[in-house]
Amino acid sequence: MEMGLLNTEGALVARDKVGIQDFVLLDETTETAFMENLKKRFDKDLIYTYIGALVVSVNPYKDLDIYNSNQMDLYMGVNFFELPPHIFALADTVYHAMMLELNNHFILISGESGAGKTEASKKILQYYAVCSPETDLLTSVRDKMLMSNPVLEAFGNAKTLKNDNSSRFGKYMDIQFNSEGEALGGHILNYLLEKSRVVHQNHGERNFHIFYQLVEGGEEDLLHQLGLERDCLYYNYLTQGECAIMSSINDKNDWKTVKNALKVIEVSESDRTDLFGVVASVLHLGNVEFDPDSRGNASLNNNTELRWVSTLLGVNAQTLQEGLTYRKIRAQQDQVLSPFTIDHAIYVRDALAKAMYGRTFTWLVRQINESMENKDDTMKMVIGLLDIYGFEVFYVNSFEQFCINYCNEKLQQLFIQLTLKSEQEEYEAEGIEWEAVQFFNNKIICDLVEERHRGIISILDEECLRPGDATDLTFLERLEEKMGDHPHFVTHRLADITTRKTLDRGDFRLLHYAGEVTYCVVGFLDKNNDLLYKNIKDLMGQSKNSIVREVFGNADADSRRRPETVATQFKSSLLKLTESLLAKDAWYVRCLKSNESKKPGNGETHPVHWVLLGSTGFHWVLLGSTGFCWVLLGVMDEALVRHQVKYLGLMEHLRVRRAGFAYRRRYEVFLQRYKALCPATWPHWLGLPMDGVQVLVQHLGYMPYEYKMGRTKIFIRHPKTLYATEDAFERCKHELATKLQGKYRGYKAKGELKKRKENAFQMDVAWKAAQARKEEERRDWAVKVIKKFINGFINRGDARSADNSEYLAFVRQSYLNRLKLKLPKTVLDKTTWLTAPSVCQEASEMLRKIYYRLMVRKYVRGISQQKRGQLQMKVVTSAIFKGKKDSYPQSITRSFLDTRIGEADINPKVLQMIRNERVKYSVPVVKYDRKGFKPRPRQILLTTSAAYLVEEAKIKQRVLYTSLKGISVSNLTDDIVVLHITCEDAKQKGDLVFQCDHLFEFLTKLSMLANKQNAFQVVKGSITIEIQSGKQGAVDFTTGPEPLVYKDKNGHLMVVSTRVRAR
């Protein structure tokens, strides 16, 4: 309680920002004022508000960026009221209270289903994982505690009408710490798993998450191994609620999380295989169907699903079939098989499915505990987190809702006891008169349910154990007999005419602290008995599945003793839980649903990328045209919230906290904060703090009825009195700050001036001394260097020695520095290399070669692929013509093209005729006839195997490269080419003479395609040609003023070319 009173001043300062951060400071403690303040804060996305040390949390059904690591750091080690209300503030306060007092604490998180209890417990757990001192053990424990949540949610949570991730079991987790505040481990207790959900779901609800996660997310090999289909609609146990597939739930991603979490909590691979085998067995079991035999009894014929169950559990198929269709009855020493009806067989099948799943869930919790529980016997402190069922009211409420709401009644009773007790103890300790607070005491309802011999649970157990035909309706009749006059109990027969219209004949209604709930008695006896026949139990105890064998092998050692009923077990576990909680200091989080439809908004929208709704389900978003999600701001159903405020007892708690005094504070703290308001207490009060506070409040003008002086604290009745004091303090702070600022600035300025003068003098003396020392050292150094230089210069021609080594090193360094600044810029610059002194000549020559090689390498690496090809062809051209043909130098700068005639300019008929050969190059030429040397324009096409002479659509001559025996050109500047062709008979055409404007390009392409580099001849004067086999001619070459080609009188072809101009 002391920690809950720290720094209420933080709430005072922030009271005008958005509502009141602490309901205790409301001017009026009415429900209307309470709701107005709650809504004002909720409308601004402020979901947390305090009632003293109690945190009220309203589920916004959307993600708020208030849980990141920065927020955790902000609240770490800060007093409770110093920052805006937050669940991290409560978690931090509990942690430091535990460390300060070295005792145990627990946080009770309560509220309706869908109010955000599970999410609140997760945030607290995450905070403790971060705030505890970092150790290797902590890292392991933290991972296991955090990863236990996805596993327990998968196996213990399901979609209900009110919540997409509703906890269908109660969970109490102890986080264990040592005296240093390090997390050592954790321990989980689970309560009343809703096993009936395995075999039946109401409309709009789903089975436990793990079934859908396995079917939707399981790997193909795993599903094949388990005999499962990737279709949730195939399994009877998954389709009764008609909502197997939910867009708001990503079963595939959740499956990956669960598989990883099982590894983190150290569930072995073999146990994981057996665990998934149990889950698959339940699904197969749900698809087992019974047929009537000739007598109308249940029979199983060729059932594939039953064989899968047998295989996965490792039990005899025939024995399993017998156990599902017959009951073994002992008659003295004999056993008699009694056949089941189809309805009875279905009951036994479902009972087996529920038993397997329920016991496996308990085994899983035990595995988690073994993984993270600390076995050290040294002193441990714990912080407990109680995340247990919220109050539930459905269209049809059965045995599970009865137990859940009974649990909430017990917790409400505990809350009332602890709150009143702690408040009353504080008043008595301070000597302040206690004012009784009116509140609804739900002990009458708890007694109605749990009283021995007279409560509903006792009557239910009696009916379950009674010989004869006990049914759900006979149980209802017994209730009417025993408690017909109870003010909180009514049935159809006991009700008045108006109420009777709202009740069926199989219903009874309880008036809980949270409101009226109508329960249907159908199934109460079966669910309370939760019986499984012995032959089925024995068979499961022999299973080859290690988990099933373990949970069935040890559970029923004493088979002759009837096990406790489910309700009695639950009642006993609740009593143990309350005893455990009473031994710890209590802290509270009250969770409220803002609306029934889980909507995050009321029409006003803001764009975000994504919305995370935590444990509460639907994503209420509008998709904008830009791809953003437009999130609706908070919607609050005031009637719904007002109802929750009422049944959670928040108004009673507020009135208890106020109890006539809205504010209480230790004298030392109150005096320390407000002493500046009184000249007698400022700046220091030398007497007792109590006397100082008395002087202070008298100076402030407090009236006697506005406050009380306790033994260690002052109690102030009305918030307005405190607000007036706080406002005066705010004004006083500004005045004091101005005075202090002026005094401090004057003092600081004088001190700075004096310090600067002293520093300046000291620096001046030190500077001069340092400069003098530097000058002396510099002169000594200069003398030594000059001597060494002169000595080295004199002995520079001698071998390296102590006299000249530094001089020679200087010469080398000087040369290299000068060379660095005058390096040649291009590969062709062979003259600018700096002449080296004799001592560096060898190194200079090596550097010159390396440098030129580097420049060549850089040049080569910078050449593109296209240019590289050009250079390769130019190298071939150079090898053939350099220094031989006069026109070669002019061709060097001209780039070679891939072809001179585009494919579109070649006659299609020609291309069709040579379609089997790929044209590599084509060029226009002037061909000279062999007889008469008449010029004719032609095209030459070079392919991979031959050269073609083409005239429009005709191929005039085909020259195979293999028949090309030589290529001749003159040494002058003409463009005449002679292709010497092998003539084997008189009919074959002879050598080909033509003029090509792109002579070097053509001949280079030809030499590379025909591989005829060695067949070229550069001739002076005349070239002999073979006109046809046995008949020769000649081409004569000469120079003249202008180029000419004509037939000479001697019958030769005369080619006149111009002379090369001298450079």
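Treat the numbers as computed from the prediction; the structure is a model and nothing was measured. (Residues numbered from 1 in each chain as written. Predicted model: local features only at pLDDT ≥ 70, side-chain atom pairs only at ≥ 80, totals over all residues. Heavy atoms only, no water.)

*Asks:* How would you sum up the confidence of the model for the protein chain? Please name residues and give values.
*Replies:* For the protein chain, the mean per-residue pLDDT works out to 84, and 92% of the residues sit at or above 70. Low pLDDT, under 50, characterises residues 11–16; the predicted model gives this stretch 18 contacts beyond four residues in sequence or across chains. Overall, residues 602–633 carries pLDDT values under 50, and its contacts beyond four positions in sequence, including any with other chains, amount to 80 contacts. (pLDDT = per-residue confidence, 0-100. Contact = heavy atoms within 4.5 Å.)

*Asks:* Report on the sheet that holds strand β13 (residues 489–491), specifying residues and quantitative values.
*Replies:* Within the open sheet, the 3 strands sit side by side as β13-β14-β15. Their pairing is antiparallel. Each edge of the open sheet is held by one strand with a lone partner, namely β13 and β15 (515–520). Here the average twist between neighbouring strands, direction ignored, is 25 degrees. Each of β13 and β14 (507–512) touches helix α17 (residues 472–483); the most contacted strand, β13, lies at about 135 degrees to it. (Pairing = 2+ DSSP bridges. Helix = DSSP H or I, 4+ residues; strand = E, 2+ residues; numbered from the N terminus. Axes fitted to C-alpha atoms, helices over the stretch in contact; angles between N-to-C directions.)

*Asks:* So what's going on with the pattern of salt bridges? Which residues, and what values?
*Replies:* Here the structure, examined in full by the defined rule, presents 40 salt bridges. A salt bridge links lysine 123 to glutamate 119; the nearest nitrogen and oxygen atoms lie 3.9 Å apart. One end of the pair is lysine 123 and the other is glutamate 119, both in helix α5 (residues 117–131) and 4 residues apart, which spans about a single turn. Across the pair, exposure class does not vary: lysine 123 and glutamate 119 are buried alike. For glutamate 775, the salt bridge goes to arginine 779, with nearest N and O atoms at 3.2 Å. A residue pair is termed a helical-turn pair when its members lie 3 or 4 positions apart in one helix, as glutamate 775 and arginine 779 do in helix α27 (residues 719–794) at 4 residues. Judged by its relative accessible area of 54%, arginine 779 is exposed. (Salt bridge = Lys/Arg side-chain N within 4 Å of Asp/Glu carboxyl O. Buried < 20%, exposed > 50% of the residue type's maximum accessible area, 1.4 Å probe, protein only.)

*Asks:* So what's going on with the nonpolar core? Which residues, and what values?
*Replies:* With 206 residues, the main nonpolar core has Ile107, Tyr128, Phe211, Phe508 and Met540 as its most contacted residues. If near-sequence neighbours (up to four positions away) are discounted, phenylalanine 508 is found in contact with Phe402, Ile456, Leu476, Leu479, Phe489, Val490, Thr491, Val517, Thr518, Tyr519, Val521 and Phe524. Listed in part, the 31 residues of the second largest apolar core include Tyr888, Val969, Ile981 and Leu992. (Core = buried A, V, L, I, M, F, W, Y, C linked by side-chain atoms within 4.5 Å.)

*Asks:* Which residues make up the packing of helix α25 (residues 667–674) against helix α26 (residues 689–700), and what are the values?
*Replies:* Each pair of packed helices can be described by the angle between their axes along with the distance between the axes. Relative orientation of the contacting elements α25 and α26 amounts to 45 degrees, with a least axis distance of 9 Å. The angle between α25 and α26 falls in the class oblique. The interaxial crossing formed by α25 with α26 has left-handed handedness. Residues Tyr667, Glu668, Phe670, Leu671 and Tyr674 of α25 lie in contact with α26, whose contacting residues are Pro689, Met690, Gly692, Val693, Leu696 and Val697. (Parallel < 35°, antiparallel > 145°, perpendicular 65-115°, else oblique. Left-handed = near helix turned anticlockwise from the far one by under 90°.)

*Asks:* Lay out the side chain of arginine 197 in plain terms, naming residues and giving numbers.
*Replies:* Structurally, arginine 197 is set in the loop between β7 (183–191) and α7 (209–217). By relative accessible area, which is 3% here, arginine 197 ends up buried. If we skip the residues at most four places from it in the chain, arginine 197 touches Ala158, Lys159, Thr160, Arg168, Glu205, Arg206, Asn207 and Phe208.

*Asks:* Describe in detail the sheet that holds strand β26 (residues 954–960), supporting the description with residues and values.
*Replies:* An order of β26-β25-β24-β23-β29-β28-β27-β30 is seen for the 8 strands of this open sheet, with the pairing classed as mixed. Each having just a single partner strand, β26 and β30 (1016–1019) make up the two edges of the open sheet. Averaged over all neighbouring strand pairs, the angle between strand axes comes to 35 degrees, with direction disregarded.

*Asks:* Explain the packing of aromatic side chains to me, using residue names and the numbers behind them.
*Replies:* The full count for this structure, using the stated rule, is 36 aromatic pairs. Ring geometry for phenylalanine 402 against phenylalanine 524: centres 5.9 Å apart, planes inclined by 55 degrees, an arrangement best described as tilted. Taken together, the residues span a long stretch of sequence, with phenylalanine 402 in helix α14 (residues 399–430) and phenylalanine 524 in helix α19 (residues 524–529) at a distance of 122 residues. Of the residues examined, phenylalanine 402 reaches a relative accessible area of 2% and is grouped as buried. Here the aromatic rings of tryptophan 833 and tyrosine 852 are separated by 6.4 Å at their centres, their planes lie at 40 degrees, and the arrangement is tilted. Here tyrosine 852 lies in helix α29 (residues 841–861) and tryptophan 833 lies in the loop between α28 (805–821) and α29, a separation of 19 residues in the sequence. (Phe/Tyr/Trp six-rings, centres within 6.5 Å; stacked < 30°, edge-to-face > 60°.)

*Asks:* Explain the environment of arginine 359 to me, using residue names and the numbers behind them.
*Replies:* As for its position among the elements, arginine 359 is in helix α13 (residues 342–372). As for arginine 359 and lysine 380, which are separated by 21 residues in sequence, their C-alpha atoms are 30 Å apart. Within polar-contact distance, the side chain of arginine 359 engages the backbone oxygen of valine 551 at 3.4 Å. (Polar contact = N/O pair within 3.5 Å; in protein donor to acceptor, adjacent residues only side chain to side chain.)

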